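The chain contents come next:
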Amino acid sequence: MRTSQLLLRSGLTVAAAALPIALTAPAAAVTTGISVSTTGSSVTVTTNDCPTSANGTFGNASLLSSGQANFSQGRQAPLTGTSTTQSAAWANVLPGTYTVIVVCRDGTTAGTQSIIVTAATPTISTTSSPSSPSLGVMGGVGGATREYGTATLVGGGALVAVGTVAAVWYLRRRAKPHRL
């Protein structure tokens, strides 16, 4: 009976320590070759993944609103720049959530990223009653859209694993009877 409880506790400890590492491994492999920024009602995408062609074209970028599903439905803009950095921009973009997709001239996708465009100028309410939000709660991935490197994710996973092992060790020591 004592052996089975010990094996069960050991198995749970190993599983708890391995879970953060397993969760961070797939996230470390996900990379995107684009960087999207917004200023007021303008959206800009930058990449360095699209090779240049003989005529100087790099590819196209598309800005998709929430109701659009594929590249051809969005607002398209050609990529311009040099062989090291290419960019595209859209002006007069209404507030909302958008997806930016960059497709190089050879048909490969350089990356996809979501972005939220907010109103360029804040509106001031003259009524004394609080207004309700027009779009409801903006749920989503929050700060997880930032591009973290492999070292950051492995470091975070290691900290979680060490914390889990320390908590299990502390609780196991606390549960043992005190012998004098």
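In case you missed it, the structure is sitting above this.
What comes next concerns the included structure.

Thresholds applied
Residues numbered from 1 in each chain as written. Predicted model: local features only at pLDDT ≥ 70, side-chain atom pairs only at ≥ 80, totals over all residues. Heavy atoms only, no water. Helix = DSSP H or I, 4+ residues; strand = E, 2+ residues; numbered from the N terminus. Buried < 20%, exposed > 50% of the residue type's maximum accessible area, 1.4 Å probe, protein only. Contact = heavy atoms within 4.5 Å. Areas by Shrake-Rupley, 256 points an atom, 1.4 Å probe, with all protein chains shown as cover. Patch = residues over 30% accessible without salt bridge, like charges linked within 9 Å, V, L, I, M, F, W, Y side chains within 5 Å. Salt bridge = Lys/Arg side-chain N within 4 Å of Asp/Glu carboxyl O. Polar contact = N/O pair within 3.5 Å; in protein donor to acceptor, adjacent residues only side chain to side chain. Pairing = 2+ DSSP bridges. Axes fitted to C-alpha atoms, helices over the stretch in contact; angles between N-to-C directions.

## Structural notes on the overall build of the protein
Inference 1: If you tally the helices and strands in the protein, you get 2 helices and 8 strands.
Inference 2: Going from the N terminus to the C terminus, the protein shows its helices and strands as α-β-β-β-β-β-β-β-β-α.
Inference 3: When the 180 residues of the protein are sorted by exposure, 21% land in the buried category.
Inference 4: A sequence separation of at least 24 residues applies to 57% of the contacts in the protein between residues at least 6 apart.
Inference 5: On the protein, roughly 12500 Å² of surface is accessible, and the fraction owed to carbon and sulfur atoms is 61%.

## Things to note about a nonpolar patch on the surface
Inference 1: A surface patch of nonpolar side chains, amounting to about 380 Å² of accessible area, comprises Trp169, Tyr170 and Leu171.
Inference 2: Within the element layout of this structure, leucine 171 appears in helix α2 (residues 150–175).

## What to know about the side chain of serine 62
Inference 1: You can see serine 62 is positioned in strand β3 (residues 59–64).
Inference 2: Take serine 62: its relative accessible area is 0%, and that puts it in the buried class.
Inference 3: Engagement of the side chain of serine 62 in a polar contact is seen with the backbone oxygen of phenylalanine 71, the distance being 2.8 Å.
Inference 4: Contact partners of serine 62, with chain neighbours within four places excluded, come to Phe71, Gly74, Arg75, Gln76, Trp90, Thr99, Val100 and Ile101.

## Some remarks on the sheet that holds strand β4 (residues 75–78)
Inference 1: Strand order across the open sheet formed by 4 strands is β4-β3-β7-β8, with antiparallel pairing between neighbours. On the outer flanks of this sheet lie β4 and β8 (109–117), each paired with one strand and no other. Strand-to-strand twist of the sheet, defined as the mean angle between neighbouring strand axes without regard to direction, takes the value 20°.
Inference 2: In this structure, strand β7 (residues 96–104) lies alongside β8, joined through 8 bridges in antiparallel fashion. In the sheet register, threonine 97 faces β8, and the bridge partner there is isoleucine 116.

## What about unusual backbone geometry?
Inference 1: Here the phi dihedral of asparagine 92 falls at roughly 55°; this positive angle occurs in a residue that is not glycine.
Inference 2: Position of asparagine 92 relative to the elements: it lies in the loop between β6 (86–90) and β7.

## Observations concerning the environment of valine 36
Inference 1: With respect to the helices and strands, valine 36 occurs in strand β1 (residues 34–39).
Inference 2: Remark: the alpha-carbon pair of valine 36 and threonine 47, spanning 11 residues in sequence, is separated by 9.0 Å.
Inference 3: Leave out the neighbours within four places in its chain, and valine 36 touches Val43, Thr44, Val45, Val100, Gln113 and Ile115.

## Details of the pairing of β3
Inference 1: Most of β3 sits out of view: 5 of its 6 residues are buried.
Inference 2: Here 6 bridges tie β3 to β7, and the two strands are oriented antiparallel to one another. When the bridges of β7 are listed, leucine 63 appears paired with valine 100.

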